[in-house]
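# Notes for the structure review
Listed below are the residues making up each chain.
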Amino acid sequence: SGSHYDMLMDYPALMMAIFVYVVTTVIFMLNLLIAQLNCAYQATYQDMLGFARLKRGAVVVQAMVSVKPTLWDAFVQALELDKPCEFGEGDIGLVGGLQVMEPASANITTVELIRRFGGSTSPAAMWPEDDHAYDDSQDRFEKVE
């Protein structure tokens with residue numbers, strides 16, 4: 001064992017290659033260990049958040065027993081869930097939601113996500129044809145052909 005090490009000292013290129021290999025392997029294994037610990041921490045954190053939500057829900061359910069039905073009915077009426085929410089000025093939205101105002105700079109969007117069509121809102125009415133049904137990748141593929 002000691003004689004094998006002494007023999008390596010006679011070949012400096014081989015000794016350098018072994019040294020580089022060992023250092024590279026140790027660094028790789030340490031990085032692998034750090035990645036595994038990070039993934040384990042993320043999974044544990046997600047579980048912790050889920051259990052905290054379940055615990056809060058259990059507390060709310062236990063507290064609901066002590067709420068009088070008249071107080072609960074008054075609370076539900078105060079929410080005004082039967083009135084539609086307003087997306088913007090004059091843009092009436094859906095029924096059953098709570099409107100929360102936020103600054104326009106909080107969530108910047110460059111593309112409008114709400115599709116608006118003029119005409120009747122009857123469920124029996126047909127939706128207009130969508131001119132933008134294909135995404136850009138399909139359009140690019142058709143141009144290539």
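## A short note on the overall build of the chain
Secondary structure summary: the chain contains four helices and two strands in total. Taken from the N to the C terminus, the helices and strands of the chain come in the order α-α-α-β-β-α. By the burial criterion, 2% of the 145 residues in the chain qualify as buried. Residue pairs in contact within the chain that sit at least 24 positions apart in sequence constitute 5% of those at least 6 positions apart.

## A look at the packing of aromatic side chains
Evaluated as defined, the whole model comprises two aromatic pairs. Relative to Tyr 45, the ring of Tyr 41 lies with its centre 6.3 Å away and its plane at 20°, an arrangement referred to as stacked. In this pair, Tyr 41 and Tyr 45 both sit in helix H2 (residues 12-64), four residues apart, roughly one turn of the helix.

## Concerning the pairing of strand S2 (residues 91-95)
With three bridges connecting them, strand S1 (residues 84-88) and S2 associate as antiparallel partners. Directly across from Pro 84, in S2, lies its bridge partner Val 95. The hairpin turn running from S1 into S2, its antiparallel successor, is two residues long, and Gly 90 in that turn takes a positive phi close to 80°.

## Details of unusual backbone geometry
Of note in this structure, Glu 80 is not a glycine but carries a positive phi near 55°. Among the secondary structure elements, Glu 80 is positioned in the loop between helix H3 (69-79) and S1.

## Digging into a nonpolar patch on the surface
Together, Met 7, Tyr 11, Leu 14, Ile 18, Tyr 21, Val 22, Val 26, Leu 30, Leu 33 and Leu 37 line one region of the surface with nonpolar side chains, adding up to about 980 Å² of accessible area. The dominant element in the nonpolar patch, judged by the number of residues it contributes, is H2, at eight residues. By secondary structure assignment, the location of Val 26 is in helix H2. Owing to a relative accessible area of 45%, Val 26 belongs among the partly exposed residues under this scheme.

Calculation notes
Residues numbered from 1 in each chain as written. Predicted model: local features only at pLDDT ≥ 70, side-chain atom pairs only at ≥ 80, totals over all residues. Heavy atoms only, no water. Helix = DSSP H or I, 4+ residues; strand = E, 2+ residues; numbered from the N terminus. Buried < 20%, exposed > 50% of the residue type's maximum accessible area, 1.4 Å probe, protein only. Contact = heavy atoms within 4.5 Å. Phe/Tyr/Trp six-rings, centres within 6.5 Å; stacked < 30°, edge-to-face > 60°. Pairing = 2+ DSSP bridges. Patch = residues over 30% accessible without salt bridge, like charges linked within 9 Å, V, L, I, M, F, W, Y side chains within 5 Å. Areas by Shrake-Rupley, 256 points an atom, 1.4 Å probe, with all protein chains shown as cover. Salt bridge = Lys/Arg side-chain N within 4 Å of Asp/Glu carboxyl O.

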